[in-house]
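So the chains spell out like this:
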Amino acid sequence: MSVKNPLPIAVLISGNGSNLQAIIDAIASGLPAKIVVVISNSENAYGLERAKQAGLPTEILSHHSSQTRDAFDTMLAEHLNSYQPELIILAGFMRILGPSFLDKFPNRILNIHPSLLPKHRGLNTHKAALDAKDTNHGVTVHLVTAELDAGPIIAQAMIPIAPGDTPDSLKEKVHTLEHRLYPIVIGLYASGRLRCENNHPLLDGLKLPENGMRFAHLHNMDCKE
Ligand code: GRF
């Protein structure tokens, strides 16, 4: 299957947008993708500022203006379609997307989650990893399906949990990993090596294992933040 070059992507945010920034920076450094729109469901998202500074089109679609979840999803799908993205990147988008939305963009919505899924779905993942006395923690990029944080895993990067780590220290370390992993995954997609079919991620045509591609040393790599 051929992909457009540069790969048109839409980024959905709700907050700070540091992952958006990492993608913007990676594109500036040669990642063959183009952000066709940044959509936020919150007008206060700092990520909107980042997008504007990068000269990207932005939209604010507040869920408060929609009567029902379905109405919001329909509005979001219509707006997205008008930009023709090949990939939809959820980057801290704090909104569950319903099945009718997901059906409109099969195999094309990715999310990043701050834990080694299937461990610690939902919020407060850093505290959860400490409470569980995990020895490793990390980040997962996965395909979005109807069940929250449960879609097929595309890639994971991990860090060892050190004595003295706190939820805040883990959050910082995991963010660094996120900023490295998401552009790698988008780059694989843009190169045509990674694709998803029937909700299965395939790399070079081969089905990925259940934990996806694993990056054990991404935190040690000396790459630009
Ligand atoms: C990240 O930790 C991501 O894993 C989660 O939401 C957070 C978004 O952070 N889904 P940012 O807005 O990209 O800084």
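Structure: see above.
Treat the numbers as computed from the prediction; the structure is a model and nothing was measured. (Residues numbered from 1 in each chain as written. Predicted model: local features only at pLDDT ≥ 70, side-chain atom pairs only at ≥ 80, totals over all residues. Heavy atoms only, no water.)

**Q** Please give an account of the pattern of salt bridges that cites residues and values.
**A** By the definition in use, this model includes six salt bridges. Here Asp-165 and Lys-173 are joined by a salt bridge, their closest N and O atoms 2.9 Å apart. Judged by its relative accessible area of 31%, Lys-173 falls in the partly exposed class. We note a salt bridge from Asp-204 to Arg-193, for which the minimum N-O separation is 2.6 Å. With Asp-204 in the loop between β9 (200-203) and β10 (206-207) and Arg-193 in the loop between α6 (167-190) and β8 (194-197), the pair connects residues that are eleven residues apart, well separated along the chain. By relative accessible area, which is 46% here, Asp-204 ends up partly exposed. (Salt bridge = Lys/Arg side-chain N within 4 Å of Asp/Glu carboxyl O. Buried < 20%, exposed > 50% of the residue type's maximum accessible area, 1.4 Å probe, protein only. Helix = DSSP H or I, 4+ residues; strand = E, 2+ residues; numbered from the N terminus.)

**Q** Describe in detail the site of the ligand, supporting the description with residues and values.
**A** Taken together, Asn-16, Gly-17, Ser-18, Asn-19, Gly-92, Ile-112, His-113, Pro-114, His-175 and Glu-178 form the complete shell of residues around the ligand. Separating a nitrogen atom of the ligand from a backbone N or O atom of Ile-112 is a distance of 2.9 Å. Contact with the protein chains hides 84% of the accessible area of the ligand, taken as 370 Å² for the molecule alone. Elements with a contribution of two residues or more to the shell around the ligand: α1 (18-28), β5 (109-113) and α6. Across the shell around the ligand, the residue classes break down as two nonpolar, seven polar and one charged. (Near = heavy atom within 4 Å. Polar contact = N/O pair within 3.5 Å; in protein donor to acceptor, adjacent residues only side chain to side chain. Areas by Shrake-Rupley, 256 points an atom, 1.4 Å probe, with all protein chains shown as cover. Nonpolar A, V, L, I, M, F, W, Y, C, P; charged D, E, K, R; others polar.)

**Q** Account for the pairing of strand β6 (residues 136-143), with residues named and values stated.
**A** Within β6, seven of the eight residues are buried, which leaves it mostly tucked inside the rest of the structure. Across four bridges, the pairing between β5 and β6 is antiparallel. Each bridged residue has a counterpart across the sheet, and for Leu-110 the counterpart in β6 is Leu-143. (Pairing = 2+ DSSP bridges.)

**Q** Provide a residue-level description of the nonpolar core, including the pertinent values.
**A** Ranked by size, the top nonpolar core spans 46 residues in total, and within it Ile-9, Ile-35, Ile-89, Leu-110, Ile-154, Tyr-182 and Leu-194 carry the most contacts. Take this core: its biggest share by element is ten residues, from α6. When residues no more than four places from it in sequence are discounted, the contact partners of Leu-110 are Leu-87, Ile-88, Ile-89, Leu-90, Val-141, His-142, Leu-143, Val-144, Ile-154, Tyr-182 and Val-185. (Core = buried A, V, L, I, M, F, W, Y, C linked by side-chain atoms within 4.5 Å. Contact = heavy atoms within 4.5 Å.)

**Q** Quick rundown of the sheet that holds β8? Include the residues and the values.
**A** The three strands lie next to each other as β8-β9-β10, forming an open sheet whose pairing is antiparallel. With partners counted over all chains shown, the strands left at the sheet margins are β8 and β10, one partner each. With two bridges joining them, β9 and β10 adopt antiparallel strand pairing. Looking across to β10, one finds that Leu-202 is bridged to Lys-207.

**Q** Can you lay out α1 for me, pointing to particular residues and giving the numbers?
**A** Along α1, the residues classified as buried are Ser-18, Asn-19, Leu-20, Ala-22, Ile-23, Ile-24 and Ala-26. Buried residues along α1 sit against β1 (7-13), β2 (33-40), α2 (46-53), β4 (87-90), β5 and α6. Backbone geometry just after α1 places Gly-30 at a positive phi near 120 degrees.

**Q** Could you give me a rundown of the sheet that holds β5, with the residues and numbers involved?
**A** Strand order in the open sheet made by the eight strands is β3-β2-β1-β4-β5-β6-β7-β11, with mixed pairing throughout. Where the open sheet ends on each side, the last strands, each with one partner, are β3 (58-60) and β11 (213-215). The average angle at which neighbouring strand axes cross in this sheet is 20 degrees, direction not considered. Of the pairings in the sheet, the one linking strand β7 (residues 153-160) to β11 comprises three bridges and is parallel in character. Its bridge partner lying in β11, Ala-157 is registered against Phe-215. Of the strands in this sheet, β1, β2, β4 and β5 are in contact with α1, which crosses β2 at around 160 degrees. Sheet strands in contact with α2 are β1, β2 and β3, and its direction is about 155 degrees off that of β3. (Axes fitted to C-alpha atoms, helices over the stretch in contact; angles between N-to-C directions.)

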